[in-house]
Amino acid sequence: MTTILERIGFVFIRVFEQTGLWFSALWDTVRWTFRRPFDGREWLRQMVRVGVDSIPVVVLTAMFTGMVLALQTFIGFRRVHAEQFVASVVSLAMLRELSPVLVGLMVTGRVGSSMAAEIGTMKVTEQIDALKALATEPVQYLFVPRIVAGVVMLPFLVILGDFLGIYGGYLIAVKMMNTNPVVYQQNTYQFLTLNDLWSGLIKAAAFGLILTLTGCVRGYYTTGGAEGVGRATTNAVVSASLIILLSDFFLTKILF
Amino acid sequence: MAFIELRNLSKTFDGKQVLRDMSIDIDRGETVVIVGGSGTGKSVTLKHIIGLLKPDRGQVIIDEHDITKMPELALNQFRRRFGMSFQEGALFDSMNVYENIAFPLRRHTKMKEADIRARVEECLEDVHLHGVEKKRPSELSGGMRRRVGFARAISLKPEILLFDEPTTGLDPVISDIIAELICEMDMKLGTTTVTITHDMKVAFKVADRVAMLYDGQIIEQGTPEQFQESTNPIVRQFIEGRAEGPLTDID
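About the cut-offs
- Sequence order as written defines the numbering, with residues in each chain counted from 1.
- As a convention, the first chain written is A and the first ligand written is 1, with the rest following in written order.
- Local features in this predicted model are restricted to residues whose pLDDT is 70 or higher, and side-chain atom pairs enter the listing and the counts only when it is 80 or higher, whereas totals over whole chains, interfaces and linings include all residues.
- The basis for every side-chain value is the complete set of non-hydrogen atoms in the structure, without hydrogens or water.
- Put simply, DSSP H or I for four residues or longer makes a helix, DSSP E for two residues or longer makes a strand, and each gets a number counted from the N terminus.
- Summary of the burial criterion: residues with accessible area below 20% of their type's maximum are buried, those above 50% are exposed, and those between are partly exposed, where the area comes from a 1.4 Å probe applied to protein chains only.
- Residue contacts are defined here by distance: any two heavy atoms, one from each residue, within 4.5 Å place the two residues in contact.
- Here the accessible surface of atoms and residues is derived via Shrake-Rupley with a 1.4 Å probe, and residues count as covered only by protein chains that are part of the display.
- Within this scheme the basic residues Lys and Arg register as positive and the acidic residues Asp and Glu register as negative, but His and the chain ends are omitted.
- Positions of charges follow a simple convention, taking NZ of Lys, CZ of Arg, CG of Asp or CD of Glu.
- Note on geometry: axes are lines fitted to C-alpha atoms, helical ones only across the stretch in contact, with angles between N-to-C directions running from 0 to 180 degrees.
- An angle counts as roughly parallel when it lies under 35 degrees, as roughly antiparallel when it exceeds 145, as roughly perpendicular when it falls between 65 and 115, and as oblique in every other case.
- For a crossing to be left-handed, the near helix must be turned anticlockwise from the far one by less than a right angle; the clockwise case is right-handed.
- Should a side-chain nitrogen of Lys or Arg be within 4 Å of a carboxyl oxygen of Asp or Glu, the pair is scored as a salt bridge.
- Between N or O atoms, a polar contact is any pair within 3.5 Å; within protein, one atom must be a potential hydrogen donor and the other a potential acceptor, and residues adjacent in sequence are included only when both atoms are from side chains.
- The nonpolar class holds Ala, Val, Leu, Ile, Met, Phe, Trp, Tyr, Cys and Pro. Asp, Glu, Lys and Arg form the charged class, and all remaining residues, Gly among them, are polar.
- Each pair of strands is called paired provided DSSP finds at least two bridges between the two strands.
- We call a crossover right-handed when, viewed with the strands running away from us, the connection from the first strand over the helix to the second turns clockwise.
- Note on aromatic contacts: the rings of Phe and Tyr and the six-membered ring of Trp form a pair at centre separations within 6.5 Å, being stacked when their planes are under 30 degrees apart, edge-to-face when over 60 apart, and tilted otherwise.
- Two conditions define a charge located above a ring, namely a distance within 6 Å from the ring centre to NZ of Lys or CZ of Arg, and an angle within 35 degrees of the ring normal.
- Within this analysis, patches are made of residues with over 30% relative accessible area and no salt bridge. Like charges are joined at 9 Å or less; nonpolar side chains (Val, Leu, Ile, Met, Phe, Trp, Tyr) at 5 Å or less.
- Working definition: a disulfide is two cysteine sulfur atoms within 2.5 Å of each other.
- By this rule, a helix spans an expected 1.5 Å times one less than how many residues it contains.

Peer 1: Would you mind going over the overall build of chain A in detail, with residue names and values included?
Peer 2: A tally of regular secondary structure across chain A gives nine helices and zero strands. For chain A, the N- to C-terminal ordering of α and β elements is α-α-α-α-α-α-α-α-α. Evaluated residue by residue, chain A yields a buried proportion of 49% over its 256 residues. By sequence separation, contacts in chain A at least 24 residues apart represent 85% of the contacts at least 6 residues apart. Total accessible area computed for chain A in this model is approximately 12,600 Å², and 71% of it derives from carbon and sulfur atoms. Of the side chains in chain A, 20 bear a positive and 16 a negative charge, and the two mean positions are spaced by 3 Å.

Next comes the structure, spelled out in C-alpha cells:
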C-alpha cells in the first residue's frame with residue numbers, strides 16, 4: 001500500500017517539478033528575449049529550420065487531411081442529401097482545428113525532437129557549460145531564437161496548411177465526386193468568418209511556443225549521456241504532443 | 001588578500017558529499033595545479049571558481065568579489081574575466097574552428113570582422129595550430145580539440161585561466177606538448193591559472209604550487225619540489241601510482 005502511495009506521490013511531485021521548470025524557463029525566455037545582444041543571424045537560421053524546412057511535411061499532411069476529410073464527409077453527407085455542406089465542413093475544420101493541431105504535431109515530431117536532441121547533446125558534452133564560461137546565457141543563445149522561430153513560423157505554416165487542406169478537399173469533391181467547382185468554392189467561403197482564421201493562427205502561435213519550449217527544456221535538463229539524450233528526445237515529443245492536445249481544448253473554449 | 005579564495009566550500013550531490021569545508025588561496029599570477037583521484041571533486045572545484053556551480057556552504061571570492069552572492073546577470077558579465085578549457089574541448093560542434101574561437105569576440109566585443117580574423121589567427125598561433133580554421137570539431141584529433149579549446153579560452157584575453165583535465169585521454173607525447181603549451185601561455189599572458197589533473201608529470205611541469213584534493217579537502221600543498229617530498233602516505237601513493245596504500249584501502 002505504501003509503495004503504491006509512494007509511487008503516486010512520486011508521479012505528482014515529478015509532474016509539478018516539470019511544470020515548474022517549464023514555466024520558469026518560459027519566464028526566463030521572456031526576460032532574455034529583450035536583452036542585448038540580439039543574434040539576428042541565429043534567429044533567421046532557426047526560422048528557416050522551423051518554418052521553411054517543415055514545408056514538405058506540412059504540404060503532404062494538410063493536403064491529404066483535406067482530401068480524406070472531403071471524402072469521408074461526402075460519403076456521410078450523401079446519406080442525408082447534404083453534400084453541399086462538404087465544402088463548409090472542410091474549410092471550417094481545417095481553419096479552426098485540423099490545420100493548427102496537425103501542423104503542431106508534425107512540427108513537434110520534426111523540430112521539437114531535434115531541438116531536444118541537439119541541446120541534450122550540448123549538455124552532456126559540456127557545451128552548455130562552455131557557453132556559460134564564455135559569459136553567454138544559454139537561455140538567451142539557445143532558447144530565445146528557437147522559441148521566437150516557433151511562435152513566428154507556425155502561423156505561416158498553418159496558413160499554408162489551411163490553403164492546401166481546402167484545396168485537397170476541392171480536388172476530391174470536384175474531380176472525384178463531380179461537384180460543381182463554382183458552387184464548391186462559394187460554399188467554402190460562405191460560412192467562414194475572420195475569427196475562424198484568427199483563432200487558428202493564435203492556436204498555431206501557442207503550439208509553436210509549446211513545442212519549441214518543451215524541446216529546449218527537455219534538452220537542457222538532460223542527464224546521463226547518450227541514453228539520456230534519447231530519453232529527452234522521446235519525452236520532448238510525448239510531452240509537447242500531449243500539451244498541444246490538452247491546450248487545444250482550452251484554447252478552443254477560450255477563443256470561440 | 002589572495003586573488004582567488006575558496007573558503008570552506010561544501011557541496012553535496014544526491015547525498016554524496018563531494019567537497020567538505022574545502023579551502024585554498026591562489027595569488028594573482030600564480031599557477032596552481034589541483035591533483036587528486038577520479039571523483040574527488042576536482043572538476044566540481046573548478047566549476048565553483050567560475051560560478052557554474054553554487055556551493056551548499058562557503059564562499060568563492062575572486063578579486064574581492066564573492067561570486068556565490070552575485071546575481072546571475074552580474075556573474076555572467078564577471079565571467080568575461082575567465083577563460084576555461086574543458087576536458088574534451090567542449091567545442092560547439094555546429095561551428096567550425098574559426099567560428100568557435102570568434103564566438104566570444106563576436107558576442108562580447110564590437111570588433112570588426114577583419115580584427116576578429118586577426119585575433120583568431122593570433123590565438124591559433126599561440127596554440128601552434130595552422131590551417132584548421134575551416135575544420136569542424138569532429139574532424140580534429142583529441143590533442144587538436146584541446147588546443148582549439150585553449151585558443152577559444154584565451155580569445156578575450158582573460159585574467160584567469162582554468163584547465164579541466166587538459167591531458168586526459170592523450171598519449172604521453174601529446175600530453176607533454178599540451179603541458180608545454182600551458183607553460184607558454186602562462187608566461188606570455190601572465191594569467192592566474194588553475195589546472196586540475198591526475199597526470200603528475202603535467203602537474204610538476206606547469207605548477208608553481210601543487211595541491212592535492214582528497215575526501216573533499218585539500219590535504220597537501222606546496223611547490224612541486226615540496227610536494228614530491230611529502231611524507232603523507234596518501235600523497236605518496238598517488239605520486240608513485242601504487243595499487244596498495246591508504247587510497248585503495250579505504251575504497
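Anyway, onward from the coordinates.
Peer 1: Tell me what's going on with the packing of helix H4 (residues 86-124) of chain A against helix H7 (residues 181-190) of chain A, and back it up with residues and numbers.
Peer 2: All names here are of chain A. As a packed pair, H4 and H7 sit with axes 7 Å apart at the nearest point and diverge in direction by 45°. Judged on the interaxial angle alone, H7 and H4 are oblique. Regarding H4 and H7, the two cross each other, and that crossing is right-handed. Where H4 approaches H7, its residues Val-86, Ala-87, Ser-88, Val-90 and Ser-91 are matched on the opposing element by Tyr-184, Asn-187 and Thr-188.

Peer 1: Describe the interface of chain A and chain B, and please don't skip the residues or the numbers.
Peer 2: On the chain B side, the residues contacting the 20 residues of chain A number 24 residues. Across the chain A-chain B interface, the total number found is three salt bridges. With a closest N to O distance of 3.7 Å, B:Arg107 and A:Asp39 form a salt bridge. Our enumeration of links across chain A and chain B arrives at eight residue pairs in polar contact (both at pLDDT 80 or more). Within the residue set of the side of chain A that touches chain B, elements represented by two or more residues are helix H5 (127-133) and helix H6 (138-176) of chain A. Class assignment of the residues belonging to the side of chain A that touches chain B gives a composition of nine nonpolar, four polar and seven charged.

Peer 1: Can you lay out the sheet that holds strand S8 (residues 192-197) of chain B for me, pointing to particular residues and giving the numbers?
Peer 2: Residue and element names in this part refer to chain B. Here six strands make up an open sheet; going across it, the order is S6-S7-S8-S3-S9-S10 and the pairing mixed. At either end of the open sheet lies a strand with only one pairing partner, and these are strand S6 (82-85) and strand S10 (217-222). Averaged over all adjacent pairs, the angle separating strand axes in this sheet is 20°, with direction ignored. As defined by bridge partners, strand S7 (residues 160-164) adjoins S8 across five bridges and the pair is classed as parallel. Along S8, the bridge assignment pairs Phe-163 with Thr-195. Its contacts with the sheet place helix H1 (residues 42-49) against strand S3 (31-35), S6, S7, S8 and strand S9 (209-214), and it is angled at close to 155° to S8. Where helix H9 (residues 233-240) meets the sheet, it contacts S3, S9 and S10, and its direction lies at approximately 110° from that of S9.

Peer 1: Give me the lowdown on the environment of A:Leu160, citing residues and values where you can.
Peer 2: All names here are of chain A. Inspection of the secondary structure puts Leu-160 in helix H6. Residue Leu-160 is classed as partly exposed on the basis of its relative accessible area of 27%. Residues Leu-160 and Ser-247, 87 residues apart in the sequence, show an inter-C-alpha distance of 22 Å. Residue contacts for Leu-160: discarding those within four places in its chain leaves Ile-55, Val-58 and Val-59.

Peer 1: An account of the pairing of S8(B) is requested, with residue identities and associated values reported.
Peer 2: All names here are of chain B. The element S8 is largely enclosed, with a buried count of six among its six residues. By the alternation rule, side chains of S8 split into Thr-192, Val-194 and Ile-196 and Thr-193, Thr-195 and Thr-197, which are all buried. Looking at chain direction, S3 and S8 are connected through five bridges and run parallel. Directly across from Val-33, in S8, lies its bridge partner Thr-195. The β-α-β motif built from S7, the intervening helix H6 (residues 172-189) and the parallel element S8 has right-handed crossover chirality.

Peer 1: So what's going on with the packing of aromatic side chains? Residues and values would help.
Peer 2: Following the criterion strictly, the structure yields 12 aromatic pairs over all chains and no others. Seen in terms of ring centroids, A:Phe249 and A:Phe250 are 5.2 Å apart; in terms of plane orientation they differ by 80°. Their pairing is edge-to-face. Of the aromatic side chains, those joined through ring pairs into one cluster are A:Tyr141, B:Phe92 and B:Phe103. One Lys or Arg, A:Arg35, reaches over the ring of A:Trp32 and ends 4.8 Å from the middle of that ring. Directly above the aromatic system of B:Phe92 lies the positively charged group of B:Arg152, at a separation of 4.6 Å from the ring centroid.

Peer 1: Explain the pattern of salt bridges to me, using residue names and the numbers behind them.
Peer 2: What the rule picks out here adds up to 30 salt bridges over all chains. With a shortest N-O distance of 2.8 Å, B:Asp176 and B:Lys205 are connected by a salt bridge. Placement of the pair is B:Asp176 in helix H6 and B:Lys205 in helix H7 (residues 200-206), with a sequence separation of 29 residues. Residue class for B:Asp176 comes out partly exposed when judged on its relative accessible area of 25%. By sharing partners, the salt bridges in this structure join A:Glu42, A:Arg45, A:Arg49, A:Glu118 and A:Arg146 into a single network.

Peer 1: An account of a nonpolar patch on the surface is needed here, citing residue identities and associated values.
Peer 2: A cluster of nonpolar side chains, namely A:Ile4, A:Leu5, A:Ile8, A:Phe12 and A:Phe16, defines an oily patch on the protein surface of about 550 Å² accessible area. Following the sequence through the fold, A:Leu5 ends up in helix H1 (residues 2-33).

Peer 1: Let's hear about the state of the cysteines: which residues, and what values?
Peer 2: Counted under the stated rule, the structure contains zero disulfides over all chains. Summary of cysteine pairing: B:Cys123 is not part of a disulfide, and the nearest cysteine sulfur, belonging to B:Cys183, is at 19 Å.

Peer 1: Hey, could you go over helix H3 (residues 55-79) of chain A for me, with residue numbers and the actual values?
Peer 2: Residues and elements named next belong to chain A. In this model, H3 (25 residues) spans 36 Å end to end at C-alpha, consistent with the 36 Å of a helix rising 1.5 Å per residue. Val-58, Thr-61, Ala-62, Met-63, Thr-65, Gly-66, Leu-69, Ala-70, Thr-73 and Phe-74 are the residues of H3 that are buried. One or two positions beyond H3, positive phi appears at His-81, with a value near 55°.

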